[in-house]
Amino acid sequence: MAVKVVIPTPLRAHAGGKTAAEFSATTVQEALNKLTAEFAELRRHLYTNEGKLRSFVNVYVNGEDIRYLSQENTPTQDGDTINIIPSIAGGTQ
Amino acid sequence: MKDGLKVRMSERLAAALREHAMRTYPHECCGALLGRIVTEQGAEEREIVAALALENQRDDSPQNRFSVAPRDVIAAERAAQAQGLEIVGWYHSHPDHPAKPSEYDREHAWPWYSYVIVKVEQGEPGEMTSWRLKEDRKEYEEERIEVHRSEVTK
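Since the model is a prediction, treat every value here as computed from it, not as a measurement.

Visitor: I keep staring at the overall build of chain B and nothing clicks. Help me out?
Guide: Helix and strand counts for chain B come out as 3 helices and 8 strands. Going from N to C terminus, chain B has its helices and strands arranged as β-α-β-β-β-α-β-α-β-β-β. At 15 Å, chain B has a C-alpha radius of gyration in line with the 15 Å of a compact globule built from 154 residues. Dimensions of chain B, computed from C-alpha atoms along their principal axes, come out at roughly 45 × 30 × 30 Å. Here chain B holds 154 residues, and the buried ones make up 38% of them.

Visitor: I keep staring at the pairing of strand β3 (residues 43–54) of chain B and nothing clicks. Help me out?
Guide: All names here are of chain B. Of the strand pairs in this sheet, strand β2 (residues 30–40) and β3 are connected by 11 bridges, and their pairing is antiparallel. Opposite T39, over in β3, you have E44 as the bridge partner. Counted between consecutive antiparallel strands, the loop separating β2 from β3 contains 2 residues, among which Q41 sits at a positive phi close to 50°.

Visitor: Just checking my understanding: could you explain the sheet that holds strand β1 (residues 3–6) of chain A for this structure?
Guide: In sheet architecture, strand pairing relies on hydrogen bonds along the backbone and comes in two forms, parallel and antiparallel. Residue and element names in this part refer to chain A. With mixed pairing, 5 strands are arranged side by side in an open sheet as β2-β1-β5-β3-β4. Since the sheet does not close on itself, it has two edges, and those belong to β2 (20–23) and β4 (64–65), each with one partner. With 2 bridges joining them, strand β3 (residues 57–61) and β4 adopt antiparallel strand pairing. For Y60, the partnering residue across the bridge sits in β4 and is D65. The strands that helix α2 (residues 28–38) touches are β1, β2, β3 and β5 (81–86); relative to β2, the one it contacts most, it runs at about 120°.

Calculation criteria
- Residues numbered from 1 in each chain as written.
- Chains lettered and ligands numbered in written order.
- Predicted model: local features only at pLDDT ≥ 70, side-chain atom pairs only at ≥ 80, totals over all residues.
- Helix = DSSP H or I, 4+ residues; strand = E, 2+ residues; numbered from the N terminus.
- Rg over C-alpha atoms; globule rule 2.2 N^0.38 Å.
- Buried ≥ 20, exposed ≤ 12 C-beta atoms within 10 Å, placed from the backbone.
- Pairing = 2+ DSSP bridges.
- Contact = placed C-beta atoms within 7 Å.
- Axes fitted to C-alpha atoms, helices over the stretch in contact; angles between N-to-C directions.

This is how it looks when you write it as structure tokens:
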């Protein structure tokens, strides 16, 4: 058992075409660190140059937004699913 | 427009996108584009098979902004998977504005997805275009929309 990280379609090309990856991790941060260590190209899409999660990246653990949990320090355990959800927005001006 | 960069959809689907854009006018509509991608001899064939109309969450400025709730993104992904498809892009309308992505669109877009924009002029749907953000996020490439008469089996 491990923590499963589901990779959205726009980022799969940077993750060897994988739809998901599994890691042993006790927090969201640890899981995402392991994900970006394995697939370095993902880092610039998920994090700013200052190392913060980009504002248009939503991270959910078992269907819950980590902004309403403990952000990246949200604890994880075996069997949990982390979803990286692209923020979808726009407009004319 | 780059040669070979194109997206296909049926007449019926194109009409559905225009109808949604007309229905929400003067507000922007939005939705998910479900489809499949087949690569043959190095050439990518991107077919949009279905559209999932979603609610614009921007109550504060729906006439020139749209956003999709993350829960709707998750639901759209599940709907796509259930049909053996994937989310290949998103659509929205530009009420009384050209069907070209704005700087605000670019700031919020992701590479890889097809972003279809439907222009609505005085309540009447008009030009429909599709765009993909380059990997460096600096600009879009327009992709040709190929509308065909036959329905694609899901």
